[in-house]
There are 2 protein chains.
Amino acid sequence: MTNSIRAEVVTIGDEILFGQITDTNTQWISTELTNIGIRTVRKSSVGDQTEAILQILHEAHQRADVIIITGGLGPTKDDITKKTLCTYFSVELVRNQTALALVTQFFEKRGREMTDLNRGQADLPANAVYMQNDWGTAPGMWFDYEGRVYVSLPGVPFEMKHLMANRILPKLRASFETPVIKHKMILTAGIGESFLAERIETWEDALPPHIRLAYLPSFGGVRLRLTATGQDEAVLDRELAEQVENVLPLIEKNVYGYDDDTLESVIGYLLLRQNLTLATAESCTGGFVASRITSVPGSSAYFWGSIIAYSNDVKVNQLGVKPETLEQFGAVSEETIRQMAEGVRKTLGTDVGIATSGIAGPDGGTPDKPVGTIWIACAIPDRTVTRLLKLGQYRDQNIQLTTTYLLNLLRETISENVNG
Amino acid sequence: MTNSIRAEVVTIGDEILFGQITDTNTQWISTELTNIGIRTVRKSSVGDQTEAILQILHEAHQRADVIIITGGLGPTKDDITKKTLCTYFSVELVRNQTALALVTQFFEKRGREMTDLNRGQADLPANAVYMQNDWGTAPGMWFDYEGRVYVSLPGVPFEMKHLMANRILPKLRASFETPVIKHKMILTAGIGESFLAERIETWEDALPPHIRLAYLPSFGGVRLRLTATGQDEAVLDRELAEQVENVLPLIEKNVYGYDDDTLESVIGYLLLRQNLTLATAESCTGGFVASRITSVPGSSAYFWGSIIAYSNDVKVNQLGVKPETLEQFGAVSEETIRQMAEGVRKTLGTDVGIATSGIAGPDGGTPDKPVGTIWIACAIPDRTVTRLLKLGQYRDQNIQLTTTYLLNLLRETISENVNG
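Residues numbered from 1 in each chain as written. Chains lettered and ligands numbered in written order. Predicted model: local features only at pLDDT ≥ 70, side-chain atom pairs only at ≥ 80, totals over all residues. Heavy atoms only, no water.

Trainee: How would you explain the packing of helix α3 (residues 50-63) of chain A against helix α4 (residues 81-89) of chain A if you had to name every residue and give the values?
Mentor: The packing of two helices is summarised by the inter-axis angle and the distance between the axes. Residue and element names in this part refer to chain A. The N-to-C vectors of α3 and α4 enclose an angle of 50°; their axes lie 10 Å apart at closest approach. When the axes of α3 and α4 are compared, the pair comes out oblique. Relative to α4, α3 is oriented so that their crossing is right-handed. Here Thr50, Ile53, Leu54, Leu57, His58 and His61 of α3 lie close against α4, whose contacting residues are Thr84, Leu85, Thr87 and Tyr88. (Axes fitted to C-alpha atoms, helices over the stretch in contact; angles between N-to-C directions. Helix = DSSP H or I, 4+ residues; strand = E, 2+ residues; numbered from the N terminus. Parallel < 35°, antiparallel > 145°, perpendicular 65-115°, else oblique. Left-handed = near helix turned anticlockwise from the far one by under 90°. Contact = heavy atoms within 4.5 Å.)

Trainee: Explain the domain arrangement of chain A to me, using residue names and the numbers behind them.
Mentor: All names here are of chain A. You can read the domains of chain A as domain 1 (5-175), domain 2 (180-258) and domain 3 (275-419). Overall, the association of domain 2 and domain 3 removes approximately 660 Å² of surface from exposure, summing both partners, and the carbon and sulfur fraction of that is 59%. When the buried area of domain 2 at its contact with domain 3 is split by residue, Phe219, Gly220 and Lys253 rank highest and sum to 70% of it. Taken together, the links from domain 2 to domain 3 amount to 0 salt bridges. Taken together, the links from domain 2 to domain 3 amount to 1 residue pair in polar contact (both at pLDDT 80 or more). Classifying every residue of the side of domain 2 that touches domain 3 gives 4 nonpolar, 3 polar and 1 charged. (Domains from an automatic or database assignment. Buried area = accessible area lost by both parts, 1.4 Å probe. Salt bridge = Lys/Arg side-chain N within 4 Å of Asp/Glu carboxyl O. Polar contact = N/O pair within 3.5 Å; in protein donor to acceptor, adjacent residues only side chain to side chain. Nonpolar A, V, L, I, M, F, W, Y, C, P; charged D, E, K, R; others polar.)

Trainee: Run through the environment of Ile181 of chain B, naming residues and quoting values.
Mentor: Considering the arrangement of structural elements, one finds Ile181 of chain B in strand β9 (residues 180-189). On a C-alpha basis, the gap between Ile181 of chain B and Leu236 of chain B in space is 8.1 Å, while along the polypeptide they are 55 residues apart.

Trainee: Let's hear about the pairing of strand β13 (residues 278-282) of chain A: which residues, and what values?
Mentor: All names here are of chain A. Counting buried positions over the 5 residues of β13 gives 5, a clear majority of the element. Because side chains alternate across β13, one face comprises the buried residues Leu278, Thr280 and Glu282, and the other comprises Ala279 and Ala281, equally buried. Relative to strand β14 (residues 303-309), β13 runs parallel, the two being bridged by 5 bridges. What sits directly across from Glu282, in β14, is Ile308. Taken together, β13, helix α12 (residues 288-293) and β14 form a β-α-β motif whose crossover is right-handed. (Buried < 20%, exposed > 50% of the residue type's maximum accessible area, 1.4 Å probe, protein only. Pairing = 2+ DSSP bridges. Right-handed = clockwise from strand over helix to strand, strands pointing away.)

Trainee: Go over unusual backbone geometry, please, and point to the residues and values.
Mentor: Cis rather than trans, the peptide bond between Gly361 of chain A and Pro362 of chain A has omega equal to 0°. Despite not being glycine, Glu146 of chain B has its phi angle at roughly 45°, a positive value. Mapped onto the elements, Glu146 of chain B comes out in the loop between β7 (140-145) and β8 (148-153). Residue Glu146 of chain B is classed as exposed on the basis of its relative accessible area of 53%.

Trainee: Explain the pattern of salt bridges residue by residue, including any values.
Mentor: Residue and element names in this part refer to chain B. Per the stated rule, a full pass over the model turns up 30 salt bridges over all chains. In this structure, the salt-bridge partner of Asp134 is Arg167, at a minimum N-O distance of 2.5 Å. Of this pair, Asp134 sits in the loop between β6 (129-131) and β7 while Arg167 sits in helix α7 (residues 157-175), and the two are 33 residues apart along the sequence. Note on Arg167: relative accessible area 23%, which makes it partly exposed. The salt bridge involving Glu412 is made with Lys253; its shortest N-O contact spans 3.8 Å. Separated by 159 residues along the polypeptide, Glu412 in helix α16 (residues 395-419) and Lys253 in the loop between α10 (233-251) and β12 (255-258) bring together distant segments of the chain.

Trainee: Please set out the interface of chain B and chain A residue by residue, giving values where relevant.
Mentor: Of the residues lining the interface, 77 residues belong to chain B; the matching set on chain A comes to 75 residues. Between chain B and chain A, a total of about 6,000 Å² is buried, with carbon and sulfur atoms accounting for 51% of that surface. For the chain B face of the interface with chain A, the top three residues by lost area are Phe18, Arg42 and Tyr310 of chain B, together amounting to 10%. Between the two partners, chain B and chain A, sit 5 salt bridges. Of the charged contacts in the structure, one is a salt bridge between Glu59 of chain B and Arg42 of chain A, with a shortest N-O distance of 3.2 Å. Where chain B touches chain A, the interface holds 34 residue pairs in polar contact (both at pLDDT 80 or more). When its residues are assigned to classes, the side of chain B that touches chain A shows 32 nonpolar, 29 polar and 16 charged.

Trainee: Go over the confidence of the model for chain A, please, and point to the residues and values.
Mentor: Taken residue by residue, chain A gives an average pLDDT of 92. The fraction at 70 or more is 98%. Our summary of model confidence lists the complex with pTM equal to 0.76 and ipTM equal to 0.75. (pLDDT = per-residue confidence, 0-100.)

Trainee: Tell me about the sheet that holds strand β9 (residues 180-189) of chain A, and name the residues and values.
Mentor: Residue and element names in this part refer to chain A. Sheet architecture is open: 4 strands sit in the order β10-β11-β9-β12, paired in antiparallel fashion. Looking along the sheet, the strands with just one partner apiece sit at the ends: β10 (211-218) and β12 (255-258). On average, adjacent strands in this sheet sit at an angle of 20° to one another, irrespective of strand direction. Inspection of the sheet shows β10 paired to strand β11 (residues 221-230) by 8 bridges, in the antiparallel sense. The residue of β11 that forms the bridge with Ser218 is Gly221.

Trainee: Let's hear about the UniProt feature "domain: MoaB/Mog" (unreviewed entry) in chain A: which residues, and what values?
Mentor: Under the present numbering, the feature "domain: MoaB/Mog" (unreviewed entry) in UniProt falls on residues 8-175 of chain A. Structurally, residues 8-175 of chain A is divided into 45% helix and 24% strand, and its ends, taken at the C-alpha atoms, are 16 Å apart. (UniProt positions renumbered as here; feature names shortened; annotations may be inferred.)

Trainee: How would you sum up the packing of helix α2 (residues 25-35) of chain A against helix α7 (residues 157-175) of chain A? Please name residues and give values.
Mentor: Residues and elements named next belong to chain A. Where α2 meets α7, the closest approach of the two axes is 11 Å, and the angle between their N-to-C directions is 20°. It follows that α2 is roughly parallel to α7 by the angle criterion. Pair α2 / α7 crosses with right-handed handedness. Contact residues: Asn25, Trp28, Ile29, Glu32 and Leu33 in α2; Pro157, Met160, Lys161, Met164, Ala165, Leu169 and Leu172 in α7.

Trainee: Before we move on, can you summarise the environment of Tyr150 of chain A with the specific residues and values?
Mentor: Residues and elements named next belong to chain A. Relative to the helices and strands, Tyr150 resides in strand β8 (residues 148-153). Along the backbone, Tyr150 and Gly19 are 131 residues apart, and their C-alpha atoms lie at a distance of 26 Å. At 2.6 Å, the side chain of Tyr150 forms a polar contact with the side chain of His61. Within polar-contact distance, the side chain of Tyr150 engages the side chain of Tyr88 at 2.6 Å.

Trainee: Requested: an account of the sheet that holds strand β3 (residues 66-70) of chain A, with residues and values cited.
Mentor: The sheet built from 12 strands is open, its strands ordered β6(A)-β7(A)-β8(A)-β3(A)-β1(A)-β2(A)-β2(B)-β1(B)-β3(B)-β8(B)-β7(B)-β6(B) with mixed pairing. The sheet is open, and its two borders are formed by β6 (129-131) of chain A together with β6 of chain B, each paired with just one other strand. If you compare each strand with its neighbour and ignore which way they point, the axes differ by 20° on average. With 5 bridges joining them, β7 of chain B and β8 of chain B adopt antiparallel strand pairing. What sits directly across from Phe143 of chain B, in β8 of chain B, is Tyr150 of chain B. Relative to the sheet, helix α3 (residues 50-63) of chain B contacts β2 (38-46) of chain A together with β1 (5-12), β2 (38-46), β3 (66-70), β7 and β8 of chain B, its axis offset from that of β1 of chain B by approximately 170°. The sheet strands contacting helix α4 (residues 81-89) of chain B are β1, β3, β7 and β8 of chain B, and the helix crosses β7 of chain B at an angle near 10°.

Trainee: Got a sec to walk through the nonpolar core? Specific residues and values, please.
Mentor: Judged by nonpolar contacts, the single largest core of 75 residues is most densely connected at Val352 and Ile354 of chain A together with Val352 and Ile354 of chain B. Apart from residues lying up to four places away in sequence, Ile354 of chain B is in contact with Leu278, Ala279, Thr280, Ala281, Val289, Ile293, Val344, Ala377, Cys378, Leu406 and Leu410 of chain B. With 40 residues, the next largest nonpolar core counts Ala281, Leu319 and Ala341 of chain A together with Ala377 of chain B among its residues. (Core = buried A, V, L, I, M, F, W, Y, C linked by side-chain atoms within 4.5 Å.)

Trainee: How would you sum up the packing of aromatic side chains? Please name residues and give values.
Mentor: Enumeration according to the criterion identifies 20 aromatic pairs over all chains in this entry. The cationic tip of Lys171 of chain A hangs over the ring face of Trp142 of chain A; the distance from NZ or CZ to the ring centre is 4.7 Å. (Phe/Tyr/Trp six-rings, centres within 6.5 Å; stacked < 30°, edge-to-face > 60°. Lys NZ or Arg CZ within 6 Å of the ring centre and 35° of its normal.)

Right, here's the structure in full:
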């Protein structure tokens, strides 16, 4: 990729320089640029000072073909990116009517007063190509200047990502001759990175040089990313499909999907296909399981609801857990988790019920049930599957891992259900 | 802060440029530097190429008094930081006996063979002050060069952090007369950045030059950061406290906390202080409200549980919403949200009940109830407060915003409850 298009990513904002917010934008941007064959040669963060911004723009001009700038586009006094771009390009601020219409609409829709500060967000440097931001009031801007492309985007990650994905990346692909790069993502759950690596080692070693493999581990799952570089899209697609076919037999039970699939979207698909309804009973995950399930658009077709039973009263009254069970075995036990999963099926009248109960931490551990001791269960009409997790000491991590393991247990259970 | 010591933080490594790993080092370093009054004026990432590294070193020399470099100190061929520093300082690599002793010891301890590559890690540029790394085999190095301080550290976060905390920061404090810098964060919710800015404009304009204000917006909230620079910590603390006192009356209803507070931790504190218990009834947020509440350690002391009522059956059977209400007004209506909030209080037997019901999108909108139409409610013993939100068309954003607005409504309601 040495003779590929060079990019420089510039972040503007004192809060990043002073370390007060985590900059997740630059990593995301350079990953996306890499994916379309544009190589990031420098990342820089500067503060909200005109001189500093002008300096980095002049430097970047020497180094890069594409300069992506994020931040400093808010409506307030400390946001000076637009003024500074005007100085750099020696142009004036001009009110953009399309932008103004959108800002106005944005406020009308929310029934809120619009201030001059808000109207000011429709003022753009005269040479800017306005890149419509449908997700906020700050504009996206594209500049062609002395053989370079400058892009200025809001720093709010949500708005920046939508603008990049829907407006900037397509325009960059159209503007530059970049090599064809194709990705195929194989999504696995329930197996650790090193075990996965051992199991597919022979296959990995036999990969051709123009197809690279990356392990992308995340909470409770590992994504395998295949990256193929070449000239012909169709050829690359075929080669990637072949490689997937070759590796699949080795890891079949752990593969839950591909590319943009998620555990929760695959579960939705499986439930819909079998016309099954789902309910969850959560203790230690406190609603995180349900919120992942309902993050899928249309989930209301199969997800009926959840009972989050943080107190034992709720476990007894809403889920029908027997007081003597809690008495004898405690809330974190196989007996209780079984009754929770089966109970929520009954209470909410669904086909499938899943449940969590455990000690998320940091407190509440005992010698025989230390922090990280967590039971999960999946109840379907003909049987209930339970599993004991022994996790670590960090609350957030335990909640996220438990949720992923439970969703995977649900996927396994209803898949077998289909196949059997 | 213009006359404070200026620092530049430089990260070396292709994996960071291409977005393959998250760089957590630079944020940590600049936070630590800020805390000892050294101001980061630039952050840069460059790849593992000699030319790129030499260029950033020359640039940094112009801009900064202190240049902190991380990465590229591993034993393998692609780690070229030390060689490049030799070129930059025009010195030779010299084997450092203290470093060699430590590397040897490191391997003996672990009963592992030491290779020439490992021994090579004890070779330092001739002008380096060796900063002992007790946590790995890569050296820490300090250079005094043409009136600047250069520090080179391994990129492995825990080795870098130990070296910074135990060796570099103390030496920096001893080497420079640094001003005192203090931060105060005011956390607001339920008011947009531009409205906030207008409301506190007079106060903001009257701030003394050594106290700077920044707006840090996030989903549903804006954090106001005050940064004071001076000589006397006690004086700055007093001045910051005064400024907070001055601005508070203008935004009192929107301020939920300071510094490291979160909306959910503040709510937990308010509930505990009044010995109140909480339950949630969620439709469109699908458990996200409960999962934010239960992200707080110890939340089981006041949070009893939740009923996530995605289907109308659950709304009727578990929350006691009247079928005729759903019939007449629909699930997304003030009548229904009121019955949901009051219903969950009854069902779970808590003092406070909060609820959400709306159209999160992307589908399900109607002309009179478009996507983004969301009702929230908070029921306490003596009254129920409802509020209508008109949000955008993006599911994730709607869920997150609704959750923040509801938590803030809860905070307002139980705060009034206290004060009244």
